[in-house]
Amino acid sequence: MRLLSTRGLSAPVDAPEAVLRGIAPDGGLYIPDEIPAIPPQELWGADFCSLAQRILCAYLPGYTEDEIRLCVQRAYYHTFDTDEITPLRAVGNQYVLELFHGPTAAFKDVALSILPQLMGAALKKKGVHEDVMILTATSGDTGSAALTGFCDVPGIRVLVFYPEQGISPIQRAQMTTMRGGNLHVYAIRGNFDDAQAGVKRIFAQMPADFCRAHGFTLSSANSINIGRLAPQIVYYYDAYLKLVRAGRIQMGEPVDFSVPTGNFGDILAGYLARLSGLPVGRLICASNANNVLTDFFNTAVYDKNRPFLTTTSPSMDILVSSNLERLVYLALNRDAAAVRERMEQLRNQGRYALPEEAMARIRACFTGVCASDQEGMDAIARVYRDHGYLMDPHTAVAWRGMEKAGTGSAPCVVLSTASPCKFPACVLTALGQSVPQDAQAQLDALTSLGAPLPRALDGVLQRPVRFSDVIDPQDMMAYVQGKAASK
């Protein structure tokens with residue numbers, strides 16, 4: 001198996017090469033030339049780490065089994081707050097998959113704990129002696145997870161760009177107080193789409209001779225990197241097998257998943273799991289008021305030409321969902337020319353459409369719904385009142401999305417992507433509690449209601465701020481080149 005670019009103009013590569021590159025030279029995203037079959041029946045007794053070894057060996061050709069096993073051990077053994085890595089909680093008649101027990105209390109930790117290991121192994125395999133400079137745009141959680149995962153890793157530097165407005169004080173503190181001589185963090189005057197477009201522009205326009213002269217290569221820690229995407233497949237299998245072992249379903253029966261969705265990587269991992277043989281029923285794509293994906297699923301037109309809204313679920317405040325390109329590629333029967341045409345339309349016109357036969361393939365699995373801030377707040381209050389369970393605002397969007405899509409005979413698993421402690425002001429407001437002005441007091445008030453304080457957030461608001469630069473998006477290239485030249 002090899003990995004192909006969705007735009008078809010770059011040569012096939014193995015997984016170590018794809019992990020190091022992040023984005024293909026033609027601007028496309030890497031995807032396996034054929035989706036591996038991974039029958040869940042063969043994984044009955046597997047724990048999370050065993051699942052990760054099996055799935056990553058299948059999806060990342062070019063790594064040896066021993067290399068993958070070592071990467072998994074370094075990423076997950078004794079690094080999460082819970083032994084299960086991703087616990088599954090029964091909440092009423094449905095389930096919540098908690099993905100936030102890692103080093104930064106967000107779901108990005110599951111993949112970004114292992115991406116540095118995969119990248120380090122790839123550097124050794126390829127005999128790369130130049131530095132890797134990782135560029136990451138973040139809407140809140142990817143940044144801190146990438147900074148934590150790559151902190152002081154030899155030969156790797158990380159530059160994170162985040163929107164100046166719209167993230168929570170705790171998300172900001174996690175990034176701006178980060179230690180590590182190889183880390184750099186910048187706020188930009190703009191939104192996440194501006195940051196993401198800036199990163200893509202750097203990949204497309206960075207002169208090759210400048211990289212050679214300063215001894216570095218570019219890569220990415222966003223879910224556009226196949227090394228970020230593949231590990232997310234693991235927790236879909238893990239949740240399914242837990243339901244089978246608990247007697248909630250029989251092996252082979254379907255399970256629905258409701259996923260709070262922004263850049264489309266998390267839910268795309270569920271689709272890849274389905275293509276690999278996991279009995280995934282519906283994938284409910286739950287959006288906030290930035291409902292470009294909901295409209296796409298309903299109309300077959302992806303149109304980013306709309307106001308960018310700042311919501312209470314900031315990690316989903318995205319209008320250009322990069323990973324959708326991989327789904328479009330598969331829905332168009334791997335027609336790379338058709339993908340290039342639509343990505344060019346998106347760049348020039350801000351919109352594109354898919355033919356009905358492609359949308360029929362997508363709609364056979366995906367359901368698009370959206371929830372307003374108020375609907376999310378109501379869900380937080382209602383679930384806490386009825387079940388004593390606290391959700392963060394992103395999980396609340398997915399919970400409301402499940403309700404709007406309608407529950408059928410199959411159980412539904414709601415993916416919980418962040419600890420409620422990352423958004424204490426929002427959760428307290430939803431519960432009708434008074435909200436102190438001080439962020440630490442907000443956190444204390446929420447934990448007094450029963451929200452467990454993640455180890456990652458203990459004392460984060462008291463750490464000294466290290467990064468305070470605010471730049472314009474058009475200056476991102478100059479900052480990257482400046483850091484490269486100052487090695």
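Report on the accompanying structure. Bear in mind the structure is a predicted one, so any value in this text is a computation, not a measurement.

Description of the overall build of the protein
Moving on, step 1. Scanning the protein from N- to C-terminus turns up 21 helices and 15 strands.
Moving on, step 2. Referenced to the eigenvectors of the C-alpha coordinate spread, the extents of the protein come out at roughly 60 × 50 × 45 Å.
Moving on, step 3. A total of 487 residues make up the protein; the buried ones form 61% of that total.
Moving on, step 4. The contacts in the protein between residues at least 6 apart in sequence include a share of 75% that link residues at least 24 apart.
Moving on, step 5. For the protein, the accessible area works out to roughly 17,400 Å², and carbon and sulfur atoms hold 48% of it.
Moving on, step 6. Of note, the protein has its 44 positive side-chain charges centred 3 Å away from the centre of its 48 negative side-chain charges.

With respect to the pattern of salt bridges
Moving on, step 1. All told, the structure shown has 23 salt bridges when counted by the stated rule.
Moving on, step 2. Put simply, Arg 7 and Glu 325 hold a salt bridge, and the shortest N to O gap is 2.9 Å. One end of the pair, Arg 7, is in the loop between strand 1 (3-5) and helix 1 (15-21); the other, Glu 325, is in helix 14 (residues 324-331), with 318 residues separating them in the sequence. Across the pair, Glu 325 and Arg 7 agree in class, each one buried.
Moving on, step 3. With its nearest N and O atoms 2.2 Å apart, the salt bridge here joins Asp 66 to Arg 69. Of this pair, Asp 66 and Arg 69 both sit in helix 3 (residues 65-76), three residues apart, which is roughly one turn of the helix.
Moving on, step 4. A relative accessible area of 32% means that Arg 69 is categorised as partly exposed.
Moving on, step 5. A single network of salt bridges, built from pairs that share partners, joins Glu 375, Arg 382, Arg 400, Glu 403 and Lys 404.

Comments concerning the nonpolar core
Moving on, step 1. Tyr 76, Tyr 236, Phe 257, Phe 264 and Phe 366 are the most contacted members of the largest nonpolar core, which has 117 residues in total.
Moving on, step 2. The greatest single-element share of this core, amounting to ten residues, is contributed by helix 11 (residues 233-245).
Moving on, step 3. Once you skip the residues sitting within four places of it in the chain, Phe 366 turns out to touch Phe 264, Ile 267, Tyr 271, Leu 283, Phe 297 and Leu 327.
Moving on, step 4. Grouped together as the second largest cluster of nonpolar side chains are 37 residues, Val 369, Ala 398, Leu 457 and Val 460 included.

Section: unusual backbone geometry
Moving on, step 1. Residues other than glycine seldom take positive phi values, yet Ala 300 does so here, at roughly 75°.
Moving on, step 2. Tracing the backbone through its elements, the reader meets Ala 300 in the loop between helix 13 (292-299) and strand 11 (301-303).
Moving on, step 3. The buried category is assigned to Ala 300, whose relative accessible area is 6%.
Moving on, step 4. Although it is not a glycine, Asn 333 sits at a positive phi angle of roughly 55°.
Moving on, step 5. Within the secondary structure, Asn 333 is located in the loop between helix 14 and helix 15 (336-349).

Observations concerning the pairing of strand 14 (residues 412-416)
Moving on, step 1. For strand 14, the tally of buried residues reaches five of five residues, placing the bulk of the element in the interior.
Moving on, step 2. Of the two faces of strand 14, both are covered, the one formed by Cys 412, Val 414 and Ser 416 as well as the one formed by Val 413 and Leu 415.
Moving on, step 3. Pairing analysis gives four bridges linking strand 4 (residues 94-98) to strand 14, with the strands arranged parallel. Bridge pairing in strand 14 places Glu 98 opposite Ser 416.
Moving on, step 4. Alignment of strand 9 (residues 255-260) against strand 14, held across three bridges, turns out to be parallel. Each bridged residue has a counterpart across the sheet, and for Ser 258 the counterpart in strand 14 is Val 414.

Comments concerning the pairing of strand 6 (residues 156-163)
Moving on, step 1. Burial within strand 6 is extensive, with eight of its eight residues counted as buried.
Moving on, step 2. What you see with strand 6 is no split at all: Ile 156, Val 158, Val 160 and Tyr 162 on one side and Arg 157, Leu 159, Phe 161 and Pro 163 on the other are buried throughout.
Moving on, step 3. With helix 6 (residues 142-150) bridging strand 5 (residues 131-137) and its parallel neighbour strand 6, the resulting β-α-β unit is right-handed.
Moving on, step 4. Across six bridges, the pairing between strand 6 and strand 7 (residues 183-188) is parallel. By the bridge assignment, Leu 159 is partnered in strand 7 with His 184.
Moving on, step 5. Chirality of the crossover, the property in question, places the unit of strand 6, helix 7 (residues 169-176) and strand 7 among those that are right-handed.

Considerations on the packing of aromatic side chains
Moving on, step 1. Under the definition given, this model contains 14 aromatic pairs.
Moving on, step 2. Judged by centre distance (5.2 Å) and plane angle (85°), the ring pair of Phe 48 and Tyr 76 falls under edge-to-face. Of this pair, Phe 48 sits in helix 2 (residues 48-59) while Tyr 76 sits in helix 3; the two residues are 28 residues apart in sequence, bridging distant segments of the chain. Accessibility classification places Phe 48 together with Tyr 76 in one group, the buried group.
Moving on, step 3. Summarising the aromatic geometry, the rings of Phe 210 and Phe 216 are spaced 6.1 Å apart at their centres and angled 80° between planes, so their arrangement reads as edge-to-face. Here Phe 210 matches Phe 216 in class, with each residue buried.
Moving on, step 4. What links up through ring pairs into an aromatic cluster is the set Phe 264, Tyr 271, Phe 296, Phe 297, Tyr 302, Tyr 352 and Phe 366.

Examining the side chain of Asp 238
Moving on, step 1. Within the secondary structure, Asp 238 sits in helix 11.
Moving on, step 2. Only 3.0 Å separates the side chain of Asp 238 from the side chain of Lys 242, close enough to count as a polar contact.
Moving on, step 3. The contact partners of Asp 238, leaving out residues within four places of it in the chain, are Phe 48, Leu 51, Glu 84 and Thr 86.

Calculation rules
Residues numbered from 1 in each chain as written. Predicted model: local features only at pLDDT ≥ 70, side-chain atom pairs only at ≥ 80, totals over all residues. Heavy atoms only, no water. Helix = DSSP H or I, 4+ residues; strand = E, 2+ residues; numbered from the N terminus. Buried < 20%, exposed > 50% of the residue type's maximum accessible area, 1.4 Å probe, protein only. Contact = heavy atoms within 4.5 Å. Areas by Shrake-Rupley, 256 points an atom, 1.4 Å probe, with all protein chains shown as cover. Lys, Arg positive; Asp, Glu negative; His and termini not counted. Charge placed at Lys NZ, Arg CZ, Asp CG, Glu CD. Salt bridge = Lys/Arg side-chain N within 4 Å of Asp/Glu carboxyl O. Core = buried A, V, L, I, M, F, W, Y, C linked by side-chain atoms within 4.5 Å. Pairing = 2+ DSSP bridges. Right-handed = clockwise from strand over helix to strand, strands pointing away. Phe/Tyr/Trp six-rings, centres within 6.5 Å; stacked < 30°, edge-to-face > 60°. Polar contact = N/O pair within 3.5 Å; in protein donor to acceptor, adjacent residues only side chain to side chain.

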